[in-house]
Structures are given as structure tokens and as C-alpha cells.
Amino acid sequence: MQQDPTTFNQGGMGFQQPLPNATIVLILSILSIPTCCCYGIVGLGLGITALVLANKDKALYEMNPNIYTPSSYSNINTGRVIAIIGIVLGSIYLLLTLFMILAFGFDALSDPTLMQERMRDIFGS
């Protein structure tokens, strides 16, 4: 017998359903943290997308909380927090990358020897 993924609403309104983007918000927000190391751009994109979807679903839940499961709302809130962390980490990494490009040049990012030479030129040793 196949189980129905919805749960019966205790308030007599029928069956509750999960919020439409609860799972994708969690996935995108979790992926935004490790992908922030891709020069910050990928992590920022995933985090912002997750945050937009989470805010959209949160508004849906607040309009009519009786038709959505509390666990999916909890997932949305968790996803929002993780997305914000991913956005902050992605922003920091992007700013660090831009600083490194401006300070040492783009070609020095892929050549450790050139990076050491430019660091010696700047800091002297």
C-alpha cells in the first residue's frame, strides 16, 4: 500500500501539503556553502535563489498556514538561515578574490611562483 505524503489537518480543513519549494530551498542553500569557493559567484547565485524561493514560500505559509505542513515550514526557515550563511560566505570569498586580482593580478592566481614574487615585491623580504 502506497502512503500518501500529505497529513490530515487537525483543524478539520482536510489534508495538509508541504510547501512547494521546501526541498529545493534546502538543497540550494546547502549547496551554496561548498560552492562559495568557486570564486564566490556560484555560492552567491545558489544562496540568493534559495533565499528568494524561501521568502516566497514563507509568504504562502503566512497567508494560509492551515493547508501546509509545519515540517515544510521548518525546512523553509532552516533553508533561509543556511542560504544567508552561504550568501555571506560567497560574498566574503568574492571580495577576497577581487582583492587578490587587484593586488597581484589575475595571472598570479594560477601561478604560485609568480604570486610569491609579487608578494615579495609588495611586502618586501
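Cut-offs and rules
Residues numbered from 1 in each chain as written. Predicted model: local features only at pLDDT ≥ 70, side-chain atom pairs only at ≥ 80, totals over all residues. Heavy atoms only, no water. Helix = DSSP H or I, 4+ residues; strand = E, 2+ residues; numbered from the N terminus. Buried < 20%, exposed > 50% of the residue type's maximum accessible area, 1.4 Å probe, protein only. Contact = heavy atoms within 4.5 Å. Axes fitted to C-alpha atoms, helices over the stretch in contact; angles between N-to-C directions. Parallel < 35°, antiparallel > 145°, perpendicular 65-115°, else oblique. Left-handed = near helix turned anticlockwise from the far one by under 90°. Nonpolar A, V, L, I, M, F, W, Y, C, P; charged D, E, K, R; others polar. Disulfide = S-S within 2.5 Å. UniProt positions renumbered as here; feature names shortened; annotations may be inferred. Polar contact = N/O pair within 3.5 Å; in protein donor to acceptor, adjacent residues only side chain to side chain. Expected span 1.5 Å × (residues − 1).

Caption draft 1: How the structure looks around the overall build of the protein chain. The secondary structure content of the protein chain amounts to 5 helices and 2 strands. Mapped in sequence order, the helices and strands of the protein chain form the string β-β-α-α-α-α-α. Taking all 125 residues of the protein chain together, 31% fall into the buried category. In the protein chain, the share of contacts with a sequence separation of at least 24, taken over all contacts with a separation of at least 6, comes to 62%.

Caption draft 2: Expanded view of the packing of helix 1 (residues 22-32) against helix 2 (residues 41-63). The contact between helix 1 and helix 2 brings their axes to 8 Å, and the two run at 155°. One element, helix 1, and the other, helix 2, form an angle in the roughly antiparallel class. For the element pair helix 1 and helix 2, the recorded crossing hand is left-handed. Contacts between helix 1 and helix 2 involve Ala-22, Ile-24, Val-25, Leu-28, Ser-29, Leu-31 and Ser-32 from the former and Gly-43, Leu-46, Gly-47, Thr-49, Ala-50, Leu-53, Ala-54 and Asp-57 from the latter. In terms of residue class, the contact of helix 1 with helix 2 is made up of 9 nonpolar, 5 polar and 1 charged.

Caption draft 3: Region of the structure containing the state of the cysteines. Using the criterion set out here, one finds 0 disulfides in the structure. Left unpaired, Cys-36 is separated from the closest cysteine sulfur, that of Cys-37, by 4.2 Å.

Caption draft 4: Main features of the UniProt feature "transmembrane region" (unreviewed entry) in the protein chain. Within the UniProt annotation, "transmembrane region" (unreviewed entry) is assigned to residues 24-54 and 81-106. Note that residues 24-54 is 74% helix and 0% strand, and that its end C-alpha atoms are spaced 9 Å apart. Secondary structure content for residues 81-106 is 96% helix and 0% strand, and the end C-alpha separation is 33 Å.

Caption draft 5: Summary view of the environment of Asp-107. With respect to the helices and strands, Asp-107 occurs in helix 4 (residues 106-109). Every residue in contact with Asp-107, bar those within four places of it in the chain, is listed here: Leu-114 and Arg-118. A distance of 2.9 Å separates a polar atom in the side chain of Asp-107 from a polar atom in the side chain of Arg-118.

Caption draft 6: Structural context of the environment of Leu-96. Examined against the element boundaries, Leu-96 turns out to sit in helix 3 (residues 70-104). Separated by 56 residues in sequence, Leu-96 and Gly-40 place their C-alpha atoms 9.0 Å apart.

Caption draft 7: Representation of unusual backbone geometry in the model. Within the chain, Tyr-39 stands out as a residue other than glycine whose phi angle is a positive 60°. Examined against the element boundaries, Tyr-39 turns out to sit in the loop between helix 1 and helix 2.

Caption draft 8: Main features of helix 5 (residues 112-123). The terminal C-alpha atoms of helix 5, which comprises 12 residues, lie 16 Å apart, in line with the 16 Å expected from a rise of 1.5 Å per residue. Gly-124 lies just past helix 5 and shows a positive phi near 65°.

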